[in-house]
Amino acid sequence: MAEKFPGEKIIKESEGFESKPYWDIDHWTIGFGTAATTKDLHMYGYRDDEVSVAQAKKQPKVFIVAPTHSGLPEEEAQSRLEADVQTRVGTLKAKLAGAEVPWDKMPNDLQASVLSLYYNVGNAVFTFPKKHPKAGQPTKAGQALKSGDFDTFVHEAFSEKEGFVKAGGKKL
């Protein structure tokens, strides 16, 4: 199946496929790293008290699978990934509308890199997250991306200074 957006294949390969919900840094995920719904969690036998963030942090990647459910079909996971990516591309287009090089003018390989990073760290590409000492301030990576300085974007986005992490809590 051809990817609809540059970067979709990279996301699939880096996330891998998991048919059952699992805890990923700060939220439940399923499939190719898309957000798991409460309905997903209940389908797999999680009780409401086990769905909480506090409980998940105590027991990451613990599966309580309902015996009659074999897991999320890969086709459904693909559909969820495509919808999630489409939403994120829309957000990136809006965020980069006034950029030196807007989303639609970026080369495909750069779109793939930006999308993959945005998929993993969200708005932290553009502003530091709440728990960071520089919370709410623009990142050097985001500033570079908006100004069309792609070399600096790549350098800053993948440096430890910006504090980006990927699945499993490892630095990118």
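Every chain is numbered on its own, with residues counted from 1 as its sequence reads. For a predicted model such as this one, the threshold for reporting local features is a pLDDT of at least 70, and the threshold for listing and counting side-chain atom pairs is 80 or more; totals across whole chains, interfaces and linings nevertheless cover every residue. By convention in this description, side-chain values take in all heavy atoms of the structure and omit both hydrogens and water.

(A) Main features of the packing of aromatic side chains. Ring pairs shown here join Phe, Tyr and Trp side chains whose ring centres sit within 6.5 Å, with only the six-membered ring taken for Trp; geometry is labelled stacked below 30 degrees between planes, edge-to-face above 60, and tilted in between. Scanning the model with the defined rule gives two aromatic pairs in all. Seen in terms of ring centroids, Phe 17 and Phe 32 are 5.4 Å apart; in terms of plane orientation they differ by 50°. Their pairing is tilted. Here the residue Phe 17 occupies a position in the loop between helix H1 (8-15) and strand E1 (18-24), and Phe 32 occupies one in the loop between strand E2 (27-31) and strand E3 (34-35), the gap between them amounting to 15 residues. The rule is short: NZ of Lys or CZ of Arg within 6 Å of the ring centre and within 35 degrees of the ring normal puts a charge over the ring. The side chain of Arg 88 reaches across the aromatic face of Tyr 119, ending 4.7 Å from its centre. The way it works is that DSSP assigns letters per residue, a run of H or I at least four long becomes a helix, a run of E at least two long becomes a strand, and they are numbered from the N terminus.

(B) Summary view of the sheet that holds E3. At least two DSSP bridges between two strands are required for those strands to pair. Overall, antiparallel pairing links the three strands, which are arranged E1-E2-E3 in an open sheet. Two strands bound the open sheet, and with one partner strand each, they are E1 and E3. Where E1 lies against E2, four bridges are found, and the strand directions are antiparallel. Pairing of Asp 24 across the sheet is with His 27, part of E2.

(C) Fine view of the pattern of salt bridges. A pair is scored as a salt bridge if a Lys or Arg side-chain nitrogen falls within 4 Å of a carboxyl oxygen belonging to Asp or Glu. In total, this model carries four salt bridges according to the counting rule given. Across the pair Asp 40 and Arg 80 runs a salt bridge whose closest N-O atoms are separated by 2.8 Å. Here Arg 80 lies in helix H5 (residues 74-95) and Asp 40 lies in helix H2 (residues 38-43), a separation of 40 residues in the sequence. Note on classification: 1.4 Å probe, protein chains only; a residue is buried when its accessible area is under 20% of the maximum for its type, exposed when over 50%, partly exposed between these limits. Residue classification places Asp 40 among the buried residues on the basis of a relative accessible area of 3%. Asp 84 is paired through a salt bridge with Arg 88; the nearest N and O atoms lie 2.8 Å apart. Here Asp 84 and its partner Arg 88 are both found in helix H5, four residues apart, which amounts to about one turn of the helix. Owing to a relative accessible area of 21%, Arg 88 belongs among the partly exposed residues under this scheme. Among the charged side chains, a network of salt bridges with common partners joins Asp 40, Glu 76 and Arg 80.

(D) Broad picture of the pairing of E1. Counting buried positions along E1 yields six of seven residues, so the element is predominantly enclosed. Linking E1 back to E2 in an antiparallel pair, the connection comprises two residues, with Ile 25 at a positive phi of about 65°.

(E) Here's a closer look at the packing of H1 against helix H6 (residues 108-121). At a minimum axis distance of 8 Å, the contact between H1 and H6 shows a crossing angle of 40°. Taken together, the axes of H1 and H6 lie oblique to each other. You can see that H1 and H6 cross each other, and the crossing is right-handed. Mapping the contact onto sequence places Glu 8, Ile 10, Ile 11 and Glu 15 in H1 and Ala 112, Leu 115, Ser 116, Tyr 119 and Asn 120 in H6. Across the contact of H1 with H6, the residue classes tally to five nonpolar, two polar and two charged. All axes are obtained by fitting lines to C-alpha atoms, using only the stretch in contact for helices, and the reported angles, taken between N-to-C directions, cover 0 to 180 degrees. Put simply, angles under 35 degrees are roughly parallel, angles over 145 are roughly antiparallel, angles from 65 to 115 are roughly perpendicular, and the rest are oblique. Note on convention: the crossing is left-handed when the near helix lies turned anticlockwise from the far helix by less than a right angle, right-handed when the turn is clockwise. Any two residues whose heavy atoms approach within 4.5 Å are treated as being in contact. When residues are grouped by polarity, Ala, Val, Leu, Ile, Met, Phe, Trp, Tyr, Cys and Pro land in nonpolar, Asp, Glu, Lys and Arg in charged, and all others, Gly among them, in polar.

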